[in-house]
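Observations on the three-dimensional arrangement
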Amino acid sequence: MRPGWDEYFMDIARTVATRATCPRATVGAVLVREHRILTTGYNGAPRGVAHCTEVGCTVINDHCQRATHAEANAIVQSALHGVGLQNATAYCTHQPCVNCSKLLISAGIVKIVYDDAYPDAVASGLLAEAGVAVVQFASLEGARPS
């Protein structure tokens, strides 16, 4: 059976996550507008910096400081290639953290569909205040939008 758009883009986000180079979290993000992929991103070190898989993680306060988050990497890709993100949807394997949420808001993302919960009250509050729709993919299962 042909997948709906949400299922299709979440499957792609899961595939993008397989490229992640921080073993602490395998996360992927796909930024989409009008059913077209704009950019993708996964957890990994900045350009020119050794990956966690090569040199290990630099962990401070239970967070890896070496890796850039998937959502941030997807936004960086849009900047590098001159792709506007206004009115786009983010498909993320994990609910975005507060820092990625702020970046997504500022980039013009209007909807976030995520798979795994990573609850952050501050992130949720900021996204709600900015009017960004946030939906867990599990709540969409069974629906096959065209």
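Below or above, wherever it landed, is the structure these notes cover. The residue count restarts for each chain, going from 1 along the sequence in the order it is written. Totals for whole chains, interfaces and linings use all residues, but because this is a predicted model, local features are given only for residues with pLDDT of at least 70 and pairs of side-chain atoms are given and counted only at 80 or more. Derived side-chain values reflect all non-hydrogen atoms in the structure, with water molecules and hydrogen atoms excluded from consideration.

1. Examining the side chain of S101
Elements are defined by DSSP. Helices are runs of H or I of four residues or more, strands are runs of E of two residues or more, and each kind is numbered from the N terminus. Position of S101 relative to the elements: it lies in helix 4 (residues 98–107). A relative accessible area of 0% places S101 in the buried class. The criterion used for residue contact is that any of the two residues' heavy atoms lie within 4.5 Å. Apart from residues no more than four positions distant in its own chain, S101 is found in contact with P96, A123 and L127. Burial classes follow relative accessibility: with a 1.4 Å probe on protein chains only, a residue under 20% of its type's maximum area counts as buried, one over 50% as exposed, and anything between as partly exposed.

2. Concerning the pattern of salt bridges
When a carboxyl oxygen of Asp or Glu lies within 4 Å of a side-chain nitrogen of Lys or Arg, that pair is called a salt bridge. Scanning all chains against the criterion turns up three salt bridges. Taking the shortest distance from any N to any O, the salt bridge between D11 and R14 comes out at 2.6 Å. Note that D11 and R14 are positioned in helix 1 (residues 5–17) at a spacing of three residues, about one turn of the helix. A salt bridge links R24 to D62, with the shortest nitrogen-to-oxygen separation between them at 3.3 Å. Linking R24 in the loop between helix 1 and strand 1 (28–33) with D62 in the loop between strand 3 (59–60) and strand 4 (63–64), this pair joins segments that are 38 residues apart in sequence. Given the relative accessible area of 58%, D62 is considered exposed. Salt bridges linked by common partners bring D11, R14 and D115 together as one network.

3. Notes on the environment of A20
For A20, the location among the structural elements is in the loop between helix 1 and strand 1. Sequence separation between A20 and Y42 is 22 residues; the distance between their C-alpha atoms is 5.2 Å. When sequence neighbours within four positions are dropped, the list of residues in contact with A20 reads A25, T26, V27, Y42 and N43.

4. Digging into helix 1
In this analysis, the expected span of each helix is defined as 1.5 Å times one less than the number of residues it contains. In this model helix 1 runs 18 Å from its N-terminal to its C-terminal C-alpha over 13 residues, within 8% of the 18 Å that 1.5 Å per residue would give. Within the span of helix 1, buried status applies to D6, F9, M10, A13, V16 and A17. Taken down its axis, helix 1 places every buried residue within 115° of arc, on the same side. By arc we mean the arc of the directions from the helix axis to the C-beta atoms, nothing more.

5. What about the state of the cysteines?
By disulfide we mean two sulfur atoms from cysteines, separated by a distance within 2.5 Å. As enumerated under the stated definition, the model contains zero disulfides in all. With no disulfide of its own, C52 lies closest to C64 among cysteine sulfurs, the gap being 3.5 Å. C100 provides the cysteine sulfur closest to C97, a residue in no disulfide bond, and the two sulfurs are 3.8 Å apart.

6. Looking at the nonpolar core
Across soluble globular proteins, you tend to see nonpolar side chains buried next to one another. For the purposes of this section, nonpolar cores are sets of buried Ala, Val, Leu, Ile, Met, Phe, Trp, Tyr and Cys residues that join through side-chain atoms within 4.5 Å. Residues L31, A90, C92, L104, I109 and I112 are the most contacted members of the largest nonpolar core, which totals 16 residues. When residues of this core are assigned to their parent elements, the largest contribution, three residues, is made by helix 3 (residues 70–80). Apart from residues no more than four positions distant in its own chain, L104 is found in contact with L31, E71, I75, A90, P96, I109 and I112. If you look at the next biggest cluster of nonpolar residues, it comprises eleven residues, including M10, A13, V16 and Y91.

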